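Observations on the three-dimensional arrangement
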Amino acid sequence: MSPRDPDHALRLAAIEHVRGLDARYDQLVPLAVLRAGFPYAGRRVPFNSFQSGIFRPRVMSGTAALSLYTTPPVPGKPRPYDDDVAPGVGGAFTYHYRDARQDSVSARAAAARDNATLVAAFEQQAPLIWFVGHAKKQYQPLAPVFVSANDPVRRVVELQAGVPVADLIPAGEPASADLRRYATGEARVRLHQTRFRAEVMRAYARRCAICRLHEADLLQAAHILEDRHEHGEPVVVNGIALCAIHHLAYDRNLLGIDPDGVVHIAHRLLEEVDGPMLRAGLQERHGEGILLPRKRSERPDPARLEIRFGEFERAAA
């Protein structure tokens, strides 16, 4: 944290509030919630305009930005800016300058002001919040992040995740390069997993593939093959939208899904007598087909299903 930044207390308030929202909404915060801003010194301060990617609220007295945002992807269309993880050692994220070179004079002037606040954040090493869009009106906040490199020729910067216990102490020593590399790697994993969850929910129209439950707070993105498996990538074809009970049953091999998308319930559960939840929730699902995404390219990979179903059969045996 640079001593030149006069907005340290405001940044702390913003980061603390947004980290609370991140936990409350399981890393996918609704845009409407973010638009409400955060409380500071008796007023509400906006996190971001969510119109231009680089943002510094008027209440700030310093020159560095408070937050960045990357727009959610639209299926079939490229993002306006290709903000993502940069290649190479350290795995820093790439973030682009605001580009208004084809726009009006006033738009170009606004873009220049925004870009100047991004460069100031680099020069002052001020902690930022980065809102990464994964689905329509849903953003994952990463905070704190720091601009670790600036390339005015390519008009990009590199971002690294900070370590809150070190990087947010006013007079403390910032986190070491190794700690920031580790934190950035962890942030990269979280980004990919959250993007996976958002894409799976979209593909299945936010319904459980087994019982068709539509309650968002009870839906989860289940991996067909675990992360540690060589084919366990966080991609849509390795995922199925399941409610919490069916996800747990799937993970515990009490429920299996064969390569044809047919549900199988473990024999010991089929023979149990316990009540309506077991009967309607599991036993009566035996032999049913799962709900499939409309797009064939997003449907579960039969090869992955076969590997996973083999694990279910071995557990049942």
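Here the structure is a predicted model, which means the values were calculated and not measured.

Ranked by internal contacts, the top residues of the largest apolar core, which has 29 residues, are Ile240, Leu242, Tyr250 and Leu255. Excluding anything up to four places from it in sequence, Tyr250 contacts Ala222, His223, Ile224, Leu242, Leu255, Gly256, Ile257, Leu305 and Arg308. If you look at the next biggest cluster of nonpolar residues, it comprises 27 residues, including Ala65, Leu68, Ala120 and Ala183.

With 27 residues, helix H5 (residues 177-203) should reach 39 Å at 1.5 Å per residue; the first-to-last C-alpha distance of 39 Å fits that figure. Note on H5: the residue one or two positions beyond its end, Ala205, has a positive phi of about 55°.

The next point concerns the environment of Gln220. Looking at the secondary structure, you find Gln220 in strand S11 (residues 219-223). Classification of Gln220 by relative accessible area gives partly exposed; the value is 32%. Counting along the chain gives 123 residues from Gln220 to Tyr97, while the straight-line C-alpha distance between them is 35 Å. Looking at Gln220, its side chain comes within polar contact range of the side chain of His247, at 2.6 Å.

Confidence in the prediction for the chain averages 90 pLDDT; 91% of positions are at 70 or higher. Of the regions scoring below 50 in pLDDT, residues 85-89 engages in ten contacts with residues more than four places distant in sequence or in other chains.

Let us now look at the layout of surface pockets. In this structure, the largest pocket encloses a volume near 410 Å³. Lining the largest pocket we find 14 residues, and of these Tyr25, Gln138, Arg197, Ala216 and Asp217 sit closest to its centre. Elements represented by at least two residues in the lining of the largest pocket include exactly H5 and S11. Looking at the lining of the largest pocket, the element that brings in the most residues is H5, giving three residues. When its residues are assigned to classes, the lining of the largest pocket shows seven nonpolar, two polar and five charged.

The rules we used
Residues numbered from 1 in each chain as written. Predicted model: local features only at pLDDT ≥ 70, side-chain atom pairs only at ≥ 80, totals over all residues. Heavy atoms only, no water. Core = buried A, V, L, I, M, F, W, Y, C linked by side-chain atoms within 4.5 Å. Buried < 20%, exposed > 50% of the residue type's maximum accessible area, 1.4 Å probe, protein only. Contact = heavy atoms within 4.5 Å. Helix = DSSP H or I, 4+ residues; strand = E, 2+ residues; numbered from the N terminus. Expected span 1.5 Å × (residues − 1). Polar contact = N/O pair within 3.5 Å; in protein donor to acceptor, adjacent residues only side chain to side chain. pLDDT = per-residue confidence, 0-100. 1 Å grid on protein atoms, 1.4 Å probe; cavity = no way out; pocket = protein on both sides within 12 Å on 5 of 7 lines; lining within 4 Å. Points joined across faces, edges and corners; volume = space filled by probe spheres on them. Nonpolar A, V, L, I, M, F, W, Y, C, P; charged D, E, K, R; others polar.

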